[in-house]
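# Fold and contact review
Here's the letter readout for the chains.
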Amino acid sequence: MSPAKRPEQAMNEFQFGDKIRHILNQGLSLDSRKAARLQAARELALARKRPEPVGVLASAGVWAGNMVGDFGGWTGVSLRLLVPVAMLLIGFGAIYTWQQNQRAAEVEEIDAQLLTGDLPIDAYLDRGFQNFLKTRAAEE
Amino acid sequence: MRRALLVLALCMAAGAAGAQSPKIKGGRPAWAELTVEQQHTLAPLKADWESLDPDRRRKWIGIAKRYPGMKPQQQERVQRRMQAWAQLTPEQRRQARENYKRIAKVSPEKRGKLGEQWAEYQALPPDERQNLAPPPTPAKKKK
């Protein structure tokens, strides 16, 4: 974001705007020859434009283009919308990957302990032994 | 303008690649793709290797990497238990891990006694052991 404008800069802008307003208020005085040439140029431009197919998709494209235009063109959209979305997706992807890796690492660690520990694996699957340990712990 | 889009596309591609990289990296290493050392360590799993999913293969490769750092007794235990562990159902493995995590929480002093307690439990008469682990009751009997 731009910093707060200085007063003299704001004044310059105001004066500049005022000048433009003056010029616009005066209106455009063109002689008939220039007007005719402008008219001809406009007709020519329109004639060249007309052959373009205007289908549903094209209209949708124009509509979308107009909507997009409000935000500063496609680049504006890409920067204001796509970049944050992309960052978000990348962020989620990274978190997901990290979590998966963490879980895999935890499983590997536990399995390594189970495979090397003093107790046989059967001990961890024996419900009776689990209850036996609980009873013992409660007694102590 | 176009450069911004290109950078964005590259970022997204990199993100997608990053998310997939562990899968690609681990891939589905076939038995033949393992190092000679890994094959030697994981020999008890050779017959089942093709049926293991990529996650489990990666885990076993991880354990094979730890193997050289284990004490001889631990290595012997791994060799002995590996196949039985791999043949458990996923539910059994999950249960065993849960129980392990709970048991591992106790103090080291108590943990040292676990071997004794296991021997003690096994020495109990069968009916007493059965009393400790009543068969799973149907839902209606459960409180």
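When you go through chain B residue by residue, the secondary structure sums to eight helices and zero strands. Secondary structure of chain B in N-to-C order comes out as α-α-α-α-α-α-α-α. Taken over 143 residues, chain B has a buried fraction of 12%. Once local pairs closer than 6 in sequence are excluded, the contacts in chain B between residues at least 24 apart make up 55%.

Let us look at the overall build of chain A. Helix and strand content of chain A: six helices and zero strands. Counting from the amino terminus, helix and strand elements in chain A follow one another as α-α-α-α-α-α. The buried share among the 140 residues of chain A stands at 9%.

Moving on, we get to helix H6 (residues 127–139) of chain A. Each α-helix winds once per 3.6 residues, and so residues spaced three or four apart point in a common direction. Taking 1.5 Å of rise per residue, the 13 residues of H6(A) would be expected to cover 18 Å, and the 18 Å separating its terminal C-alpha atoms lies within 8% of that figure. Among the residues of H6(A), A:Phe129, A:Gln130, A:Phe132 and A:Leu133 are the ones counted as buried. Looking straight down H6(A), one finds that the buried residues subtend no more than 160° of arc, so they occupy a single side. In H6(A), the exposed positions that point more than 90 degrees away from the buried face belong to A:Lys134, A:Thr135, A:Ala138 and A:Glu139. Elements in contact with the buried residues of H6(A): helix H5 (121–125) of chain A together with helix H5 (90–104), helix H7 (114–123) and helix H8 (126–132) of chain B.

Turning our attention to the packing of H6(A) against H7(B). Where H6(A) meets H7(B), the closest approach of the two axes is 10 Å, and the angle between their N-to-C directions is 115°. Between H6(A) and H7(B), the angle falls in the class roughly perpendicular. Here the hand of the crossing between H6(A) and H7(B) comes out right-handed. Contacts from A:Phe129, A:Phe132, A:Leu133 and A:Arg136 in H6(A) reach B:Gln117, B:Trp118 and B:Tyr121 in H7(B). Partitioning the contact of H6(A) with H7(B) into residue classes produces five nonpolar, one polar and one charged.

The parts lose accessible area when they come together, and the size of an interface is often stated as this lost area. At the junction of the two partners, chain B supplies 40 residues and chain A supplies 38 residues. At the level of secondary structure, the elements contributing two or more residues to the side of chain B that touches chain A comprise helix H1 (2–26), helix H3 (54–66), helix H4 (72–87), H5, H7 and H8 of chain B. The element best represented in the side of chain B that touches chain A is H1(B), accounting for nine residues. Class assignment of the residues belonging to the side of chain B that touches chain A gives a composition of 22 nonpolar, nine polar and nine charged.

We now examine the environment of B:His40. Residues and elements named next belong to chain B. Mapped onto the elements, histidine 40 comes out in helix H2 (residues 36–41). Since 11 C-beta atoms lie within 10 Å of it, histidine 40 is described here as exposed. Once the C-alpha coordinates of histidine 40 and alanine 64 are considered, the two residues, 24 residues apart in sequence, prove to be 9.1 Å apart.

Let's shift gears to the confidence of the model for chain B. One rule of thumb: low pLDDT means the predicted coordinates there are not for detailed reading. All names here are of chain B. Overall, the prediction assigns chain B a mean pLDDT of 81, with 76% of residues at 70 or greater. The spread of mean pLDDT over the elements of chain B runs between H1, the lowest at 49, and H2, the highest at 96. Note that residues 17–27 has pLDDT below 50 and, in this model, 13 contacts with residues that lie over four places away or in other chains. The complex prediction reports pTM at 0.58, with the ipTM value standing at 0.73.

Summarising the element assignment, B:Met70 is placed in the loop between H3 and H4. What makes B:Met70 partly exposed here is the crowd of 17 C-beta atoms within 10 Å. Residue contacts for B:Met70: discarding those within four places in its chain leaves A:Thr116, B:Gln75 and B:Val78.

Helix length check: H3(B) (13 residues) gives 19 Å between terminal C-alpha atoms against 18 Å at 1.5 Å per residue, within 8%. Of all the residues in H3(B), the buried ones are B:Arg57, B:Arg58, B:Lys59, B:Trp60, B:Ile63 and B:Ala64.

Rules used throughout
Residues numbered from 1 in each chain as written. Chains lettered and ligands numbered in written order. Predicted model: local features only at pLDDT ≥ 70, side-chain atom pairs only at ≥ 80, totals over all residues. Helix = DSSP H or I, 4+ residues; strand = E, 2+ residues; numbered from the N terminus. Buried ≥ 20, exposed ≤ 12 C-beta atoms within 10 Å, placed from the backbone. Contact = placed C-beta atoms within 7 Å. Expected span 1.5 Å × (residues − 1). Arc of directions from axis to C-beta. Axes fitted to C-alpha atoms, helices over the stretch in contact; angles between N-to-C directions. Parallel < 35°, antiparallel > 145°, perpendicular 65-115°, else oblique. Left-handed = near helix turned anticlockwise from the far one by under 90°. Nonpolar A, V, L, I, M, F, W, Y, C, P; charged D, E, K, R; others polar. pLDDT = per-residue confidence, 0-100.

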